[in-house]
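Per-entry structural report
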Amino acid sequence: MPQVDIVLVEPLYEGNIGFAARVMKNFGFHNMVLVNPPKMTMEATARASHAKDVLESAEVLTLEEVFRRSDLAVATTGGLAKSVSHPMRMPYYSPPELREMIKNVDGRISILFGRENWGLNNEEIARCDIVATIPTSAEYPVMNISHAIGVVCYELAHLPRGEYLLANKVEMDALYAHFARFLEGISHPIEKRETTLLLAKRVLGRTNLTVREASTIHGVLRRTEWHLKHPGMAYEEKSREHWDEEE
Ligand SMILES: C[S@@+](CC[C@H](N)C(=O)[O-])C[C@H]1O[C@@H](n2cnc3c(N)ncnc32)[C@H](O)[C@@H]1O
């Protein structure tokens, strides 16, 4: 079963943090991560009620630390209408679709919830592998953060034991860096490179690559690069490096 971390990014109100802890525990989730939280007093504890333990064991991390240790990062947003026209054009998944996507994987999945006043910014969303949104009424789509956490936790409760170990963020970043070098190597038009790279990240990010699959893609890129440099020659096994060991 993957480890699911509920990450509150710069929450403003301690009451919401307390309610979030409570609803997490209602559905069996205990790993709360807080990025730059406000000072907490008795209010958060009162709102957490019998989930004080979730609150007390919450980790305080930077967003960088969250990304670095995650195997998969999921951004949540209620601002679907606003973001759909953004050039990133990331597809959005509902909580049941998210469950389908992650139900067979193992590793650490961080689900990010944004600030009460303006959510997650575009850069934070772009760094995530998957974007999830809860389909709500168009009349008033944005939910209270703790309610949104409740819906996501309800949907992801009792995930089965994951079979596949995901490539982690460090491994995926190495793959994206390799893809960037590859684009350079094939003289991909410089003005299109950033968008192509972003597109590759979006596609590879949401496919939940396993360690072995990421390694195989490295191997294919490496072979192609080698053949471009040495046309007509057989691939030299000794040029293989760490990344395609498992190919
Ligand atoms: C009060 S909302 C932020 C509102 C902000 N004005 C915006 O447009 O993003 C706080 C957080 O709750 C979560 N949230 C609210 N409504 C949601 C929805 N319909 N689907 C998924 N997450 C939602 C998101 O993580 C959001 O960043």
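Now for a quick tour of the structure. Each chain carries its own residue numbering, running from 1 in the direction its sequence is written. Whole-chain, interface and lining totals are the exception, using all residues; otherwise, since this is a predicted model, local features are given only for residues with pLDDT of at least 70 and side-chain atom pairs are given and counted only at 80 or more. Note that the side-chain values use all heavy atoms of the structure and ignore hydrogens as well as water.

Re the packing of helix 6 (residues 95-102) against helix 8 (residues 145-156)
- The axes used here are C-alpha line fits, helices contributing only the stretch in contact, and every angle between their N-to-C directions lies in the interval 0 to 180 degrees. Helix numbering and strand numbering both begin at the N terminus, where a helix is a DSSP run of H or I of at least 4 residues and a strand a DSSP run of E of at least 2. The contact between helix 6 and helix 8 brings their axes to 9 Å, and the two run at 45°. Regarding the angle of helix 6 to helix 8, the classification is oblique. Between helix 6 and helix 8 lies a crossing whose hand is right-handed. Together, Pro95, Pro96, Leu98, Arg99 and Ile102 of helix 6 and Val151, Val152, Glu155 and Leu156 of helix 8 make up the contact between the two elements. Any angle that falls under 35 degrees is termed roughly parallel, while one over 145 is termed roughly antiparallel, one within 65 to 115 roughly perpendicular, and all others oblique. A crossing counts as left-handed when the near helix is turned anticlockwise from the far one by less than a right angle, and as right-handed when that turn is clockwise. By definition, residues are in contact when any of their heavy atoms lie within 4.5 Å.

So, the side chain of Ser70
- Looking at the secondary structure, you find Ser70 in the loop between helix 4 (63-69) and strand 4 (72-76).
- Nitrogen and oxygen atoms within 3.5 Å of one another constitute a polar contact, given that in protein one can donate a hydrogen and the other can accept it, and given that sequence-neighbouring residues count only through two side-chain atoms. One polar contact links Ser70 to Ser110, side chain to side chain, over a distance of 2.7 Å.
- Filtering out sequence-adjacent residues up to four positions away, Ser70 remains in contact with Arg108, Ser110, Asn168 and Lys169.

Some remarks on the site of the ligand
- When we say a residue is near a molecule or strand, we mean one of its heavy atoms is within 4 Å of it. Taken together, 19 residues lie near the ligand, and Thr76, Thr77, Gly114, Ile134 and Met143 sit nearest.
- Between a nitrogen atom of the ligand and a main-chain N or O atom of Thr77, the distance comes to 3.2 Å.
- Between the ligand and the protein, one listed contact pairs a nitrogen atom with a backbone N or O atom of Pro141 at 3.2 Å.
- Method remark: on a 1 Å grid restricted to protein atoms, a set of points is classed as a cavity if a 1.4 Å probe fits but cannot get out and as a pocket if it is open with protein on both sides within 12 Å along at least five of seven lines; lining residues have an atom within 4 Å of a point. Those molecules having more than half of their atoms within 2 Å of a cavity or pocket grid point set are described as sitting in that cavity or pocket. Given that more than half its atoms are within 2 Å of the pocket grid, the ligand belongs to the largest pocket.
- Here the shell around the ligand is built from residues that sort into eight nonpolar, eight polar and three charged. Residues are sorted three ways: Asp, Glu, Lys and Arg are charged, Ala, Val, Leu, Ile, Met, Phe, Trp, Tyr, Cys and Pro are nonpolar, and all the rest, Gly among them, are polar.

A few points about the packing of aromatic side chains
- Side-chain rings of Phe, Tyr and Trp (the six-membered ring for Trp) are treated as a pair once their centres are within 6.5 Å; stacked means planes under 30 degrees apart, edge-to-face means over 60, and tilted covers the remaining angles. Applying the stated criterion across every chain, the model contains two aromatic pairs.
- Each ring, one from Phe27 and one from Tyr154, has its centre 5.8 Å from the other, and the planes form 80°; the classification is edge-to-face. Placement of the pair is Phe27 in the loop between helix 1 (14-26) and strand 2 (32-35) and Tyr154 in helix 8, with a sequence separation of 127 residues.
- By relative accessible area, which is 28% here, Phe27 ends up partly exposed.
- The rule for a charge over a ring is simple: NZ of Lys or CZ of Arg within 6 Å of the ring centre, and within 35 degrees of the ring normal. Its guanidinium or amino end placed over the ring of Trp118, Arg115 lies 4.3 Å from that ring's centre, counting from NZ or CZ. When a residue's accessible area, from a 1.4 Å probe over protein chains only, is under 20% of the maximum for its type it is buried; when over 50% it is exposed; and in between it is partly exposed.

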